[in-house]
Amino acid sequence: MVQAFKYALDPNATQEAALRSHCGASRAAYNWAIGWVTASWWQRKAEASYGIPEGELTPWRPWSLPALRKEFNQAKKTNHFADWWEENSKEAYNTGLANAAAAFDNYAKSKNGRRKGARMGMPRFKSKHKARLACRFTTGTIRVDVDGRHVTLPRLGTIRTHESTTKLQRRVAGGTARILSATVRHERGRWFVSFQVETRREITRVARPGVAVGVDLGVKVLAVMADSAGEIRYAPNPKHYETALKTLKRLSRRVSRRQGPAVHDPITGKTTRREPSNRWRKANEQRNRIHHRTANLRADALHKLTASIRDEYGTVVVEDLNVAGMLKNRRLARKIADAGFGEIRRQLTYKGQRNACRTVVASRWYPSSKTCSSCKTAKAKLPLHVRVFSCDNCGLVMDRDENAARNLADLASAGMTGTGVAGDRGTQVTKPRGADHKTRATRSSRKAGTGRAGGAIPQQRTETRDRQQDTEALTLW
Ligand SMILES: [Zn+2]
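Here we summarise the structure given alongside this text. On a predicted model such as this, the values are computed, not experimentally measured, just so you know. (Residues numbered from 1 in each chain as written. Predicted model: local features only at pLDDT ≥ 70, side-chain atom pairs only at ≥ 80, totals over all residues. Heavy atoms only, no water.)

## A short note on the packing of helix α6 (residues 278-312) against helix α9 (residues 341-354)
The angle between the axes and the distance between the axes are what describe a pair of packed helices.
Reasoning step 1: Following both chains from N to C, one finds α6 and α9 inclined at 40 degrees, their axes separated by 9 Å at the closest point. Accordingly, the angle class assigned to the pair α6 and α9 is oblique. When you trace α6 past α9, the crossing you get is right-handed. Here α6 contributes L302, H303, L305, T306, A307, I309 and R310 to the contact with α9, which in turn contributes E343, I344, Q347, L348, Y350, K351 and G352.
Reasoning step 2: Its residues placed into classes, the contact of α6 with α9 shows 7 nonpolar, 4 polar and 3 charged. (Axes fitted to C-alpha atoms, helices over the stretch in contact; angles between N-to-C directions. Helix = DSSP H or I, 4+ residues; strand = E, 2+ residues; numbered from the N terminus. Parallel < 35°, antiparallel > 145°, perpendicular 65-115°, else oblique. Left-handed = near helix turned anticlockwise from the far one by under 90°. Contact = heavy atoms within 4.5 Å. Nonpolar A, V, L, I, M, F, W, Y, C, P; charged D, E, K, R; others polar.)

Shown next as structure tokens:
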């Protein structure tokens, strides 16, 4: 399976400059590609407006990665890249070109209706001030050093890591892991390296393989877990962001009182940039530190929760929540984002695959809250503020979330024993895990960069999507 190992870096000043240079180079190559391809679009549009016939218009420029790479290698010697392109690894430019190829591809697919999700806009230039710093290496010397405290990357050399890399280093040395690529990224004021690693893992046995658990996610209580053995557990919502909010408000006030990077003129309505003051920088840094701490606390809590669930149960049933839609609800958005619903489901799924266990995703339309977990009678309505479920049919009175979790847990057994129709077990979801895995990404296939979708970053995305699709989606309602 393909797994990520992420480490915080402690680069020295020279290395930090080199890291920034590489990420900047990646952005510059991206912007070059956007400009080069779209120039032909504008040209065609202008020509068409003069009445030039379709056949005589300037031809479209290709945006496949190989085509972009070929063109870039010609262009870099003459244009503004000429003075400095040799300072960075070619992988930096390749990252930018691959991202641009993916962006055009997504745009085209979205336009033809071949892409799910919201409509994609035309690829745009990345701003120096806003773009995230990232660069990916797929070839060259990518290594975790023997001392367990350094990593070596092409051109950047050996960089000290903030934490020990022994775990990965031992695996690589022992032949149970192979590094496919490394991505350096600047996140929340710190540099990270993330290795994409192909690993062979021993499947760990869960404590109760025969037991299924239904996980109902909520805001008041982060998760209610009801298992098929009848036990119920509550995972309280740590609400890290809510807790930090008071401090954040105070610090944000302090930031806004100081001279920041943007000046807004209320008369002309224009915003211009200026150098922020040192006092602003200091205050901003303090505020960011709280944001980082909150994010780290949340990540830690979520990992602990999902790991504890997956270490115990053989089957996990989760709801297919429309998180993107829920985030549009102004009143709930902050709380839902803080709880990390989408992330919980993602983690439960991939951690289940590691243990070769089942994850069942209940249909988005399955009324887990409105159904009685005892007699299975569904209510027509159950407003959100009603926290206690009481059945009109059998008289069951139960906490709303507990009732929902029990219903979810029951779905698992419905899936395991069939739907009651004789001979339909073959249609069941109990196919061996991993039978249709598409996650194995070999280096050669990536390097070949087949066609437009051959970009480095987009492949990573597809892998995640495949993994999610791999979850057995049960539509029992
Ligand atoms: Zn009932």
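## Some points on the sheet that holds strand β1 (residues 2-8)
Reasoning step 1: Reading across the sheet, the 4 strands line up as β1-β7-β6-β2 and stay open at both edges, with antiparallel pairing between neighbours. Only two strands of the sheet have a single partner each, and these edge strands are β1 and β2 (134-137). Neighbouring strand axes in the sheet, compared pairwise and without regard to direction, differ in orientation by 20 degrees on average.
Reasoning step 2: Set on the sheet, helix α4 (residues 166-174) makes contact with β1, β6 (177-187) and β7 (190-199); between it and β1 the angle comes to about 135 degrees. (Pairing = 2+ DSSP bridges.)

## Things to note about the coordination of the zinc ion
Reasoning step 1: Distances from the zinc ion to its protein donors, C372 (SG), C375 (SG), C391 (SG) and C394 (SG), fall within 2.2 to 2.3 Å.
Reasoning step 2: Here the zinc ion is ringed by 4 donor atoms whose angles at the metal span 107 to 112 degrees, and the overall shape comes out tetrahedral.
Reasoning step 3: Each donor residue of the zinc ion belongs to the same chain, and together they define the spacing C-x2-C-x15-C-x2-C. Note that C372 is positioned in the loop between β14 (358-362) and β15 (388-390) and C394 in the loop between β15 and β16 (397-399), a separation of 22 residues in sequence.
Reasoning step 4: A residue is classified by how much of its surface remains accessible, and C372, at 0% relative accessible area, is buried. (Donors = N, O, S within 2.8 Å, 3.2 Å for Na, K, Ca; no water. Tetrahedral: all angles 85-135°; square planar, octahedral: opposite > 155°, others 65-115°. Buried < 20%, exposed > 50% of the residue type's maximum accessible area, 1.4 Å probe, protein only.)

## A closer look at the nonpolar core
Reasoning step 1: Counting 49 residues, the largest nonpolar core has W32, L68, L97, V184, V193 and F195 as the members making the most contacts within it.
Reasoning step 2: For this core, the element with the most residues is helix α1 (residues 13-49), which contributes 12 residues.
Reasoning step 3: Of the domains in this structure, domain 1 (2-11 + 134-199) and domain 2 (14-111) are the two that each give at least three residues to this core.
Reasoning step 4: Membership of the second largest hydrophobic core comes to 18 residues, among which are V211, M225, I309 and Y313. (Core = buried A, V, L, I, M, F, W, Y, C linked by side-chain atoms within 4.5 Å. Domains from an automatic or database assignment.)

## Overview of helix α2 (residues 65-75)
Because each turn of an α-helix spans 3.6 residues, side chains separated by three or four positions end up pointing in the same direction.
Reasoning step 1: Taken residue by residue, α2 has L65, L68, F72 and A75 as its buried positions. On an axial view of α2, the arc spanned by its buried residues comes to 95 degrees, and they lie on one face. Of the exposed residues in α2, those oriented more than 90 degrees away from the buried face are K70 and Q74.
Reasoning step 2: The secondary structure elements touched by the buried residues of α2 are α1 and α3 (90-111). (Arc of directions from axis to C-beta.)

## Quick look at the pairing of strand β13 (residues 313-319)
Reasoning step 1: Of all 7 residues in β13, 7 are buried; the element is thus mostly enclosed.
Reasoning step 2: Judged from the 5 bridges that link them, strand β8 (residues 208-217) and β13 form a sheet pairing that is parallel. Bridge pairing in β13 places V215 opposite V318.
Reasoning step 3: Sheet topology places β13 next to β14; 5 bridges connect them, and they run parallel. In the sheet register, E319 faces β14, and the bridge partner there is A362.

Honestly, it's all geometry; don't read function into it.
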